[in-house]
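Examining the three-dimensional arrangement
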Amino acid sequence: MLREKGFDADTNRAIEGLFTQGSGYLHLRGSLEEHLSDAPQDEEYLRMPANVTAEKFRSNKAKWGTYVPGVYGKHPLLNNEIINLPSFVSLVPYVDGERLDLERCEVASHERALDLRTGVLRRSLVWKTGSGKRIEVRFERFISASRRSLTMARMTVASDQPASLEVHAGIDGAVRTNGYDHFATLEPWAGEEKAIGIDLATDAGDRVRMRSQLFSAPGEVRVALGGRGVWLVCSAPMEPGVSLSLEKRTAVETSRDRVRKPVEEALEEAQPRTFDELLAEHEEVWARRWRNSDVVLDGDPESQRAMRVSIYHLLRAHVGGDERVAIDAKGYAGEAYWGRFFWDTEMYLLPFYAATDPERAATLVGFRIQSLDGARQNAARYGYSGARYAWESDPAGLECCPNWQYADHEVHVSADVVYGLSYFEKSVGDEEFLESKAADVVLETARYWMERIDSHPSTGRPSLLGVMGPDEYKPITNNNLFTNMMVADALERAAEVGTRRGDPAAELFGKAAQGLPLPRRNDGLYLQCDGFEEFADPQFDRLWKDRGQPFAAQV
């Protein structure tokens, strides 16, 4: 269990990200249901290309986040990015006309807790109104693991004195992605049976539909439209000692869904079941996931919790059965990394899924196979044959990194992809995987390497020049050890696959693999790259004044 006791606006955005929920198909940041009054989400600005680890982001105390993996749009400077969709977590209580706001109201206690076992987010608070009434409020929210497009929310309110309650339950499209508006059209609407919705089209041509309904709503319900949002407003009297409960169900569909289920159908199918019944079936799915995935550490509770937090996000972030996307660098908890896919896919994510759920691992390698055409386009754009995988890949496999330092030089990702394919082959015991399903990736990346490798005109010594290894503080180096080792391994795989396929280049792949140098000192110590010991030492005392901030943010 992750708990936040009290409320601190300075750390709220971090908590929202940490408490992100997801079904794979749909992801929601752990935002407050009532939001904060002075934290607008539709501010427009132009985010510039920068190093994300050193970038200074705009200050805002809260950030909505609603993401469907695969729904992307074109940013004017940053290339293709995942789109932040309208927020539908809104459940805002008003008591005697006073709106709940954690910063502006007197709140005697507040707790926000994410159950890592089930992905259920719960909040509880005690609110003392300006008129002296004590209001207890509880929220529960989960994205169904058994009905992937369905989100369930419930609010319970009780007062110690007679009062009038009004609850605004809405869908709000007043949101931007990195300060940019990706909505070509957006239409809020209201229907019968206490239902509201938003239909939108993105600037890339995707269509998204959202629909929310209220269940067991006390009192009268009316509709309120305003700007890009629509709300169901429920009004009811409150009596001391009597709790009022309100349930909100939301469904989402997009034009990219492989299995199309209209939002109306998703809500109708769930209608016969109560909140608790839908919660039970959701929890059953999560229980199965944990049985296959849990890691138990003895004697270190903090490390145990950190481990389970990581596993929780791995379990929610994976898009099951869809090889058109992988898992982006923020795990669909925000758009700081634009929803793009890095070498993390092979080096950090794949081993977990290969050990716990090979079917999920298969979609990650499947993503690289299906995005091969994009990798070919990347190679051609740089003037090479074969395939060059993107440092920051969109779903099509195209290079989207807006910073030339990384896009042009962090080429080891193409070898990392082949490493991942080989790792998958061994881990699942499919000895013919590389040759039968991934041969084109292995051979096409090898053709790229054969042109990317330079040979000294007098000695014929091969080298990989002008590359960036995993240490991004050494941006442009020659014969980076990690890169050369990974490329040699990838070329060896290409030689094996090429030989079995009768590819005439197979022997050349093997020779190139053997010839790549691995920088080393006379005493046998491997060096990060050519000339590594000739680099000047960083002047940390002069440049890194605040050790609480990243070094890159201060130089």
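Details of the structure are given in the entry above.
The structure reproduced in this document is the subject of the present report. All chains use their own residue numbering, which begins from 1 and follows the written sequence. With the structure being a predicted model, the display of local features is reserved for residues of pLDDT at least 70 and the display and counting of side-chain atom pairs for 80 or more, all residues being used for whole-chain, interface and lining totals. Computation of side-chain values covers all heavy atoms of the structure but excludes hydrogens and water.

Remarks on a negative patch on the surface
Residues enter patches when they are more than 30% accessible in relative terms and free of salt bridges; like-charged ones are connected within 9 Å and nonpolar ones (Val, Leu, Ile, Met, Phe, Trp, Tyr) within 5 Å. Every accessible area reported is derived by Shrake-Rupley at a probe size of 1.4 Å, with residue values counting cover from the shown protein chains alone. Just to be clear on terms, a salt bridge is a Lys or Arg side-chain nitrogen sitting within 4 Å of an Asp or Glu carboxyl oxygen. A positive count includes Lys and Arg, and a negative count includes Asp and Glu. His and the chain ends are not counted in either. Each charge is placed at NZ for Lys, CZ for Arg, CG for Asp and CD for Glu. On the surface, Glu192, Glu193, Glu265 and Glu268 cluster together into a negatively charged patch. Secondary structure elements follow DSSP: runs of H or I of four or more residues count as helices, runs of E of two or more count as strands, with numbering from the N terminus. Mapped onto the fold, glutamate 192 is located in the loop between strand S14 (183-191) and strand S15 (195-202).

As for a nonpolar patch on the surface
Nonpolar side chains collect at one region of the surface, where Leu46, Met48 and Leu77 lie side by side and expose about 270 Å² of accessible area between them. Here leucine 77 shows up in the loop between strand S5 (72-75) and strand S6 (79-82).

Some words on the sheet that holds strand S11 (residues 134-143)
As summarised here, the arrangement of the 9 strands in space is S1-S9-S10-S11-S12-S19-S16-S15-S14, forming an open sheet in which the pairing is antiparallel. Each edge of the open sheet is held by one strand with a lone partner, namely strand S1 (2-5) and S14. Direction aside, neighbouring strands of the sheet carry axes that sit 10 degrees apart on average. Note on contacts: a residue pair qualifies if any of its non-hydrogen atoms lie within 4.5 Å across the two residues. For every element, the axis is a line fit to its C-alpha atoms; helices are fit only across the contacting stretch, and the angle between N-to-C directions ranges from 0 to 180 degrees. Relative to the sheet, helix H2 (residues 263-270) contacts strand S12 (150-159), strand S16 (207-215) and strand S19 (244-254), its axis offset from that of S19 by approximately 140 degrees. Strands pair, by our definition, only if DSSP identifies at least two bridges between them.

Let's talk about the nonpolar core
Ranked by size, the top nonpolar core spans 79 residues in total, and within it Tyr353, Leu421, Trp449, Leu491 and Phe509 carry the most contacts. It is helix H12 (residues 481-501) that provides the largest number of residues to this core, a total of 8 residues. In plain words, nonpolar cores are sets of buried Ala, Val, Leu, Ile, Met, Phe, Trp, Tyr and Cys residues tied together by side-chain atoms within 4.5 Å. Relative accessible area decides the class of each residue, using a 1.4 Å probe on protein chains only: under 20% of the type maximum gives buried, over 50% gives exposed, and in between gives partly exposed. Membership of the second largest hydrophobic core comes to 51 residues, among which are Leu102, Ala169, Ile171 and Leu200.

A few points about the environment of alanine 153
Relative to the assigned elements, alanine 153 resides in strand S12. Taking the C-alpha atoms as reference points, alanine 153 and phenylalanine 275, 122 residues apart in sequence, are found 8.5 Å from one another. Setting aside residues up to four positions removed in sequence, alanine 153 forms contacts with Leu91, Glu140, Arg141, Leu246, Glu247, Lys248 and Phe275.

Focus on the pairing of strand S9 (residues 106-115)
Bridge count between S1 and S9: 4 bridges; the pairing is antiparallel. Within S9, the residue paired with arginine 3 across the bridge is alanine 113. Connecting the antiparallel pair S9 and strand S10 (residues 120-128) is a turn made up of 4 residues, with glycine 119 showing a positive phi of about 70 degrees.

Brief notes about helix H13 (residues 506-515)
Those residues of H13 not exposed but buried are Ala506, Phe509, Ala512 and Ala513. Along the axis of H13, the buried positions cluster into a sector of 125 degrees, meaning they face one direction only. Exposed residues lying more than 90 degrees from the buried face of H13 are Glu507, Lys511 and Gln514. Here the buried face of H13 lies against helix H11 (439-452) and H12. This arc is built from the directions going out from the helix axis to the C-beta atoms.

Brief notes about the packing of H11 against H12
Axis separation between H11 and H12 bottoms out at 9 Å; the angle between their running directions is 120 degrees. As the angle between them shows, H11 and H12 are arranged oblique. Where H11 crosses over H12, the handedness of that crossing is left-handed. Mapping the contact onto sequence places Ala439, Asp440, Val442, Leu443, Ala446, Trp449 and Met450 in H11 and Val487, Ala490, Leu491, Arg493, Ala494, Val497, Gly498 and Arg501 in H12. Here the term charged refers only to Asp, Glu, Lys and Arg, the term nonpolar to Ala, Val, Leu, Ile, Met, Phe, Trp, Tyr, Cys and Pro, and the term polar to all other amino acids, Gly among them. The residue inventory of the contact of H11 with H12, partitioned by class, reads 11 nonpolar, 1 polar and 3 charged. Orientation categories follow fixed angle ranges, with anything under 35 degrees roughly parallel, anything over 145 roughly antiparallel, 65 to 115 roughly perpendicular, and all other angles oblique. Helix crossings fall into two classes, left-handed where the near helix is turned counterclockwise from the far one by less than a right angle and right-handed where it is turned clockwise.

Looking at the packing of aromatic side chains
Between the rings of Phe, Tyr and Trp (Trp by its six-membered ring), a pair exists once the centres lie within 6.5 Å; its type follows the angle of the planes, with under 30 degrees stacked, over 60 edge-to-face, and the other angles tilted. Applying the stated rule across the entire model yields 18 aromatic pairs. Here the aromatic rings of tyrosine 473 and phenylalanine 551 are separated by 5.9 Å at their centres, their planes lie at 40 degrees, and the arrangement is tilted. Of this pair, tyrosine 473 sits in the loop between strand S21 (462-463) and H12 while phenylalanine 551 sits in the segment after helix H14 (540-543), and the two are 78 residues apart along the sequence. Judged by its relative accessible area of 14%, phenylalanine 551 is buried. The rings of Tyr337, Phe342, Trp343, Tyr348, Trp391 and Phe482 are connected pair by pair, giving a single aromatic cluster. Charges are assigned to positions over rings by a cutoff of 6 Å between ring centre and Lys NZ or Arg CZ, combined with an angular limit of 35 degrees from the ring normal. Residue placement shows arginine 58 over the ring face of tyrosine 45; its charged tip is 4.3 Å from the ring centre. Its guanidinium or amino end placed over the ring of tyrosine 382, arginine 388 lies 4.1 Å from that ring's centre, counting from NZ or CZ.

Details of the pairing of S5
In the sheet, S5 pairs with S6 via 4 bridges, with the strands oriented antiparallel. Within S6, the residue paired with histidine 75 across the bridge is asparagine 79. In this antiparallel pair of consecutive strands, S5 and S6, the connection spans 3 residues.

What to know about the sheet that holds strand S17 (residues 220-226)
Overall, antiparallel pairing links the 5 strands, which are arranged S8-S7-S13-S18-S17 in an open sheet. Looking at the sheet topology across the chains shown, the edges are occupied by strand S8 (98-99) and S17. The pairing of strand S7 (residues 91-95) with strand S13 (residues 163-172) spans 5 bridges and is classified as antiparallel. From the neighbouring strand, valine 92 faces S13, where its bridge partner is histidine 168.

Comments concerning the environment of phenylalanine 551
For phenylalanine 551 and glutamate 136, which are 415 residues apart along the polypeptide, the C-alpha to C-alpha distance reads 45 Å. In contact with phenylalanine 551, not counting residues within four places along its chain, are Tyr473, Phe540, Leu543 and Trp544.

Let's talk about unusual backbone geometry
A positive phi angle, near 70 degrees, is found at asparagine 79, a position not held by glycine. Locating asparagine 79 in the fold gives a position in strand S6. One non-glycine residue, asparagine 178, lies in positive phi territory at about 50 degrees. Considering the arrangement of structural elements, one finds asparagine 178 in the loop between S13 and S14.

Digging into H2
Every buried residue of H2 is listed here: Val263, Ala266, Leu267 and Ala270. The buried residues of H2 occupy one face: seen down the axis, they fall within an arc of 95 degrees. Looking at the buried positions of H2, the neighbouring elements they touch are S12, S16, S19 and helix H3 (275-293).

Things to note about the state of the cysteines
Criterion for a disulfide: a pair of cysteine sulfur atoms at a distance within 2.5 Å. Going through the model one piece at a time under the given rule, you end up with 0 disulfides. In this structure cysteine 400 is not part of a disulfide, and its nearest cysteine sulfur, from cysteine 401, lies 9.1 Å away. The exposure class assigned to cysteine 401 is buried, which follows from its relative accessible area of 7%.

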